[in-house]
Amino acid sequence: MLRRERMELKMKLLPVSEPTIRYSPSIDHFSSILNLHIDKTLPWIIENYIEVVFNSSPGANYFLAEFLDIYKFWWNCPFITVSRMERILVDDLVSTIKNAIDRGLYVMVVIDTYYISEYVTYQREHIPHEIFVHGYGDNFFFVSDYFDFNSCREGIAPFVEFKDAYYGLAKTEKDYLNGIVFFNPNEAVIKNGKPDLQFQTSDEGMIYVPDKKLIRQKIEGFLSSSPLILASYPNEFDPCFGFRTGFFAFIDMVNEISADTIPLLKKPLCLVFDHIRLMSIRIQYLEKFYHLPICSLYNQCLEIEKRCSILRNKYFKNIIANRVDTSNIKKSIYDLLWDYRLLMEKLVLEL
């Protein structure tokens, strides 16, 4: 009879939750850790994820839409400690990731999707992409990603495939994570807060207090769409590459909609929806926490969110049916955005 320890397969699986924002891998996966303690982390979330960028210039970044500081947030979050290991320092990839998971750390790394069977590009196309690792079994990792490049789900990646995907990333491809990224939930801060001006004692213990003034300034910056916003972020979202910030980034997106670009609208339209949805959550929290008279604004934002959801879902169905009315969707998004702007202008006056 086999010895018991040989019969038992070793497995470690870290918990994840449904993220507040379901938009893009880097945001989704980070949020899926934050949301494990949403009662403590939501004040920090609503303080961020306001500024956006869009690129309307032809080229590699054409029609790219993102929250501006998706990576900078990682390093400034008090609830999760983020660290990075250069690729060249990793001698044993599987052991490195397993040791991290054993210590409660989540892992993200850029791989070549050609080598992992979960991806639609498996043995068909070489595409660099970030993959999120949150556990392991006897000979595989538990992973999450947009394996079909449409929706996010969990899957498994055998160690053999994962190593091929990691080491097979071509030197000509950019490792935009700059190595292996580790996310370590700071349990002490999550549970007890920390001696900081933004943590205050309450009936529920130490809690993070959202900076109302900072939120107002960020929304004002979003509304003004100043290119100076980009100067404070050391990243590639530079005006010289065609990027536009803030509200008028969304307007630029609408202006770029045509019969040729309509298939590219999916992600930017999802960004608009998530921005509005998060604004609804933000207004509701600020109303309750600061006792602000903005209940009517919250209800208005919910209505705009509902309109955007209907618009987005209709677009998805029509894209599948290949019958999108370009002029109609341009007008619908345009009207929605200007109603949304009016709402934010009213909110700024109350903050």
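Scroll up to find the structure.
About the cut-offs
- Starting from 1, residues in each chain are numbered consecutively following that chain's sequence as written.
- Given that the model is predicted, a residue must reach a pLDDT of at least 70 before its local features are reported, and side-chain atom pairs must reach 80 or more before they are shown or counted; all residues, however, enter totals for whole chains, interfaces and linings.
- The basis for the side-chain values is all heavy atoms of the structure; hydrogens and waters are excluded.
- Numbering of helices and strands runs from the N terminus; a helix is a DSSP stretch of H or I covering at least four residues, while a strand is a stretch of E covering at least two.
- A radius of gyration in this sense is built from C-alpha atoms; the matching globule rule multiplies 2.2 Å by the number of residues raised to 0.38.
- Buried residues are those whose accessible area, probed at 1.4 Å on protein chains only, stays under 20% of the maximum for their type, while exposed residues exceed 50% and partly exposed ones sit between those limits.
- His is not counted, nor are the chain ends, whereas Lys and Arg count as positive and Asp and Glu as negative.
- The atom standing in for a charge is NZ when the residue is Lys, CZ when it is Arg, CG when it is Asp and CD when it is Glu.
- Between the first and last residue of a helix there are one fewer steps than residues, each counted as 1.5 Å, and that sum is the expected span.
- Lines are fitted to the C-alpha atoms to define the axes, a helix being fitted only along its stretch in contact, and any angle between axes, read from their N-to-C directions, falls within 0 to 180 degrees.
- In what follows, roughly perpendicular refers to angles from 65 to 115 degrees, roughly parallel to angles under 35, roughly antiparallel to angles over 145, and oblique to any angle outside these ranges.
- Handedness of a helix crossing follows the sense of rotation of the near helix relative to the far helix, less than a right angle counterclockwise being left-handed and clockwise being right-handed.
- Here a residue-residue contact requires only that any non-hydrogen atoms of the pair lie within 4.5 Å.
- By this definition, two strands are paired if DSSP reports at least two bridges between them.
- Salt bridge criterion: a side-chain nitrogen from Lys or Arg within 4 Å of a carboxyl oxygen from Asp or Glu.
- Joining through side-chain atoms within 4.5 Å is the link that ties buried Ala, Val, Leu, Ile, Met, Phe, Trp, Tyr and Cys residues into a set, and such a set is a nonpolar core.

Visitor: In this structure, what is going on with the overall build of the chain? I would like to understand it.
Guide: Within the chain, the regular secondary structure consists of 13 helices and 12 strands. Computed over C-alpha atoms, the radius of gyration of the chain comes to 22 Å, within 12% of the 20 Å expected from 2.2 N^0.38 for 351 residues, which places it in the range of a compact globule. The proportion of buried residues among the 351 residues of the chain is 50%. Charge centroids of the chain, computed over 39 positive and 45 negative side chains, lie 2 Å from each other.

Visitor: What am I meant to see in helix α13 (residues 326-350) here?
Guide: Every α-helix carries 3.6 residues per turn, so stepping three or four residues along brings you back to the same face. Between its first and last C-alpha, α13 extends 37 Å over 25 residues, near the 36 Å set by a 1.5 Å rise per residue. Among the residues of α13, those classed as buried are T326, I329, I333, L336, L337, Y340, R341, L343, M344, L347 and V348.

Visitor: Whenever I open this one, the packing of helix α12 (residues 295-321) against α13 confuses me. Can you help?
Guide: Packed helices, taken two at a time, are described by the angle between their axes plus the distance between the axes. Their axes nearest at 10 Å, the elements α12 and α13 cross at an angle of 160 degrees. With respect to their mutual orientation, α12 and α13 come out roughly antiparallel. The chirality of how α12 crosses α13 is left-handed. Along its contact with α12, which presents L297, Q300, C301, I304, R307, C308, L311, K314 and Y315, the element α13 presents N328, I329, S332, I333, D335, L336, D339, Y340, L343, K346, L347 and E350.

Visitor: Got a minute to help me understand the sheet that holds strand β2 (residues 52-55) in this structure?
Guide: Note on sheets: strands pair through backbone hydrogen bonds, and any given pair is parallel or antiparallel. Across the sheet, three strands lie side by side as β3-β2-β12; this open sheet has antiparallel pairing. If you trace the sheet from one side to the other, it starts and ends with β3 (65-67) and β12 (243-245), each paired once. For this sheet the average axis-to-axis angle between neighbouring strands, irrespective of direction, equals 25 degrees. Relative to β12, β2 runs antiparallel, the two sharing three bridges. Directly across from N55, in β12, lies its bridge partner F243. Sitting on the sheet, helix α11 (residues 266-290) is in contact with β2 and β3, with an inclination near 30 degrees to β3.

Visitor: What exactly am I supposed to notice about the pattern of salt bridges here?
Guide: Think of it this way: side chains of opposite charge can pair up when their charged atoms draw near. This structure, assessed with the given rule, holds 10 salt bridges. For R22, the salt bridge goes to E18, with nearest N and O atoms at 3.2 Å. Relative accessible area serves as the criterion here: at 32%, R22 is assigned to the partly exposed category. A relative accessible area of 54% means that E18 is categorised as exposed. Among the salt bridges present, the one from K267 reaches E66, with a minimum N-O distance of 3.2 Å. Here K267 is found in helix α11, whereas its partner E66 is found in strand β3, with 201 residues between them in sequence. Judged by its relative accessible area of 8%, E66 is buried. Linked by salt bridges that have partners in common, E18, R22 and D28 make up one network.

Visitor: Whenever I open this one, the nonpolar core confuses me. Can you help?
Guide: One broad trend across soluble globular proteins is that nonpolar side chains are buried collectively. The biggest cluster of nonpolar side chains holds 105 residues, and the ones touching the most others in it are F162 and F183. Per-element tally for this core: the top contributor is α11, with 11 residues. Those residues in contact with F162 that sit more than four places away from it in its chain are L93, I97, V109, I116, I131, V133, F141, V143 and A157.

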